[in-house]
Amino acid sequence: MQVAIVGLGLMGGSLGLALRERAGATVVGFDASPEMAAVALERGCVDRVAVSLEEACADAELVVVATPVSAIADVVARIPGDATITDLGSTKGAVIANVPTVQRARFVGGHPMCGSEAHGAAHARAELFQGATWFLAPTVDSDAERLTALHGVVTAVGARPVVIDADEHDAIVALTSHFPHVLANVLATQVGDADVNGHRPLHSAGGSFRDMTRVAGANASIWVDILLDNRAAVLDALGEAQRRLGAVSDALREGDTAFLTDWIAAAGAARTESLAMAHRAAPADLHELLVTVPDRPGAISAIAQALSANRINIEELALSHISPERGGELRIVVAGADNADRAVEVLRADGCDATASPVVGGAS
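Thresholds applied
Residues numbered from 1 in each chain as written. Predicted model: local features only at pLDDT ≥ 70, side-chain atom pairs only at ≥ 80, totals over all residues. Heavy atoms only, no water. Helix = DSSP H or I, 4+ residues; strand = E, 2+ residues; numbered from the N terminus. Rg over C-alpha atoms; globule rule 2.2 N^0.38 Å. Buried < 20%, exposed > 50% of the residue type's maximum accessible area, 1.4 Å probe, protein only. Areas by Shrake-Rupley, 256 points an atom, 1.4 Å probe, with all protein chains shown as cover. Lys, Arg positive; Asp, Glu negative; His and termini not counted. Charge placed at Lys NZ, Arg CZ, Asp CG, Glu CD. Axes fitted to C-alpha atoms, helices over the stretch in contact; angles between N-to-C directions. Left-handed = near helix turned anticlockwise from the far one by under 90°. Contact = heavy atoms within 4.5 Å. Nonpolar A, V, L, I, M, F, W, Y, C, P; charged D, E, K, R; others polar. Pairing = 2+ DSSP bridges. Right-handed = clockwise from strand over helix to strand, strands pointing away. Core = buried A, V, L, I, M, F, W, Y, C linked by side-chain atoms within 4.5 Å. Phe/Tyr/Trp six-rings, centres within 6.5 Å; stacked < 30°, edge-to-face > 60°. Expected span 1.5 Å × (residues − 1). Arc of directions from axis to C-beta. Salt bridge = Lys/Arg side-chain N within 4 Å of Asp/Glu carboxyl O. Polar contact = N/O pair within 3.5 Å; in protein donor to acceptor, adjacent residues only side chain to side chain.

Draft legend 1. Molecular detail of the overall build of the protein. If you tally the helices and strands in the protein, you get 13 helices and 12 strands. Taking 21 Å as the expected radius of gyration for a compact globule of 364 residues, we find that the protein reaches 23 Å, a close match to that expectation. Principal-axis analysis of the C-alpha atoms places the extent of the protein at approximately 60 × 55 × 45 Å. Evaluated residue by residue, the protein yields a buried proportion of 42% over its 364 residues. By element, 55% of the accessible surface of the protein is carried by carbon and sulfur atoms, the whole surface being about 18,700 Å². Distance between charge centres in the protein, computed from 26 positive and 45 negative side chains, equals 3 Å.

Draft legend 2. A look at the packing of helix α7 (residues 166–193) against helix α10 (residues 231–254). Following both chains from N to C, one finds α7 and α10 inclined at 65 degrees, their axes separated by 9 Å at the closest point. The two elements α7 and α10 meet at a crossing, and its hand is right-handed. On α10, the residues that touch Asp170, Ala171, Ala174, Leu175, His178, Phe179 and Val182 of α7 are Ala233, Val234, Ala237, Leu238 and Ala241. A breakdown of the residues in the contact of α7 with α10 according to their chemical character gives 10 nonpolar, one polar and one charged.

Draft legend 3. Spatial organisation of the pairing of strand β1 (residues 2–6). The buried count for β1 comes to five of five residues, which makes it a mostly enclosed element. Residues of β1 alternate between two faces, with Gln2, Ala4 and Val6 on one and Val3 and Ile5 on the opposite face, all of them buried. With five bridges connecting them, β1 and strand β2 (residues 26–30) associate as parallel partners. Of the residues in β2, the one forming a bridge with Val3 is Val27. With helix α1 (residues 10–22) bridging β1 and its parallel neighbour β2, the resulting β-α-β unit is right-handed. In terms of strand pairing, β1 meets strand β4 (residues 62–65) through four bridges, oriented parallel. Bridge pairing in β4 places Val6 opposite Val65.

Draft legend 4. Focus on the nonpolar core. Core analysis: the biggest nonpolar cluster contains 32 residues, and Ile5, Leu15, Leu19, Phe129 and Trp134 have the highest contact counts within it. In terms of residue count, the dominant contributor to this core is α1 (five residues). What Trp134 contacts, discounting residues up to four positions off in sequence, is Leu15, Leu88, Gly110, His111, Pro112, Phe129, Val154, Val157, Ala159, Arg160, Pro161 and Val162. Cys57, Ala60, Val75 and Ala166 belong to the second-largest nonpolar core, a separate cluster that totals 26 residues.

Draft legend 5. Geometry of the side chain of Arg104. Assignment of secondary structure puts Arg104 in the loop between α5 (93–97) and β6 (107–112). Its relative accessible area of 15% is what places Arg104 among the buried residues. Filtering out sequence-adjacent residues up to four positions away, Arg104 remains in contact with Ile96, Ala97, Val99, Thr139, Asp141 and Ser142.

Draft legend 6. Here's a closer look at the packing of aromatic side chains. Following the criterion strictly, the structure yields one aromatic pair and no others. Their ring planes at 35 degrees and their centres at 5.3 Å tell us that Phe129 and Trp134 sit as a pair that is tilted. An identical accessibility class is assigned to Phe129 and Trp134; each is buried.

Draft legend 7. How the structure looks around helix α13 (residues 337–349). With 13 residues, α13 should cover 18 Å at 1.5 Å per step; its first-to-last C-alpha distance of 18 Å lies within 8% of that length. All buried positions along α13 are accounted for by Ala340, Ala343, Val344, Val346 and Leu347. Burial along α13 is one-sided: seen end-on, the buried residues are contained in an arc of 165 degrees. Of the exposed residues in α13, the ones pointing more than 90 degrees away from its buried face are Asp338, Asp341, Glu345, Arg348 and Ala349. Of the residues one or two after α13, Gly351 is the one with positive phi, at around 90 degrees.

Draft legend 8. Seen up close, the side chain of Asp170. With respect to the helices, strands and loops of the structure, Asp170 is situated in helix α7. One buried charged side chain, Asp170, makes no salt bridge at all; its nearest oppositely charged neighbour is Lys92, positioned 6.6 Å away. Within the local environment of Asp170, its side chain forms a polar contact with the backbone nitrogen of Gly93, the two atoms lying 2.8 Å apart.

Draft legend 9. The arrangement of the packing of α7 against helix α9 (residues 220–229) in detail. It is at 11 Å that the axes of α7 and α9 come closest, and there the two elements cross at 115 degrees. Seen along the crossing, α7 lies across α9 with a hand that is left-handed. Where α7 abuts α9, its residues Ser177, His178, His181 and Val182 lie against Trp223, Ile226 and Leu227.

Shown next, in the form of structure tokens:
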């Protein structure tokens with residue numbers, strides 16, 4: 001199969017790698033930036049780079065548009081031939097509405113639910129899509145055979161295809177992706193702008209602040225387009241958030257312990273359900289290790305190797321840096337109480353300060 005990828009950033013580049021390595025596809029790339037295209041070629045994201053959109057699509061069976069969302073419809077309108085067309089944009093309603101009538105039968109909207117705060121083909125990786133939900137949003141005119149074939153391509157790169165209505169897709173991603181980016185930016189700027197009698201709160205921020213602002217300041221050229229393209233659904237999410245924040249404010253003013261207790265419990269239940277889906281494991285089976293890590297080269301590697309040598313699989317890992325003197329704290333999720341106990345024993349034997357607790361009802 002020959003595939004053309006238009007837009008060779010992180011997502012387009014990663015898809016090129018995945019298609020070449022896992023689906024045996026020949027990939028021809030095109031990017032408006034010759035520098036970006038050169039990086040993608042050097043990284044092996046594509047077999048070759050075309051000098052024009054028309055050249056890239058000439059013999060393609062599938063064309064993937066991986067440009068910013070504001071450019072997708074215009075690119076789709078200019079794609080020649082009869083290849084199936086899809087995109088990787090994180091909004092679908094406006095994109096599909098702007099696909100020209102002549103292209104609608106061969107277009108199927110797409111959105112893999114994965115990515116990174118990094119951008120550019122220099123950070124591309126084939127495993128980016130492994131296990132990710134990949135939404136497919138056909139138009140009312142999309143050819144059923146093309147949708148089926150695209151379903152197979154998505155599966156071949158390790159993702160899980162889910163066919164969905166475009167408006168339903170946009171409501172989901174507004175809540176799970178776009179709204180969190182807004183919250184991260186609000187928190188980062190609120191703390192960044194704050195001054196408490198000459199003290200900068202930003203300089204005392206801990207791990208929870210860094211966790212919650214990980215996606216703050218993401219690529220503006222991409223995210224301005226996304227937020228404006230999906231503004232209705234994002235505004236709905238913000239309106240609901242304002243209502244919920246108002247309820248919390250009222251509870252704090254009134255000292256409503258019962259409300260606050262139930263509110264925190266409901267948040268914990270939602271997080272537990274999310275963890276269960278992310279790890280394909282019963283939430284009660286997940287345990288979190290807290291490991292103090294010295295600030296020196298090889299410290300994290302030594303911990304990972306010690307667990308690996310004892311056949312303890314790391315389900316999830318995150319590092320919070322405290323200071324050069326105190327090092328940091330490594331949070332490691334493992335499945336099974338026996339594995340958690342064994343991990344603590346192994347790490348303590350190696351001189352690490354390690355503790356474990358259940359994720360559900362534990363310290364996390």
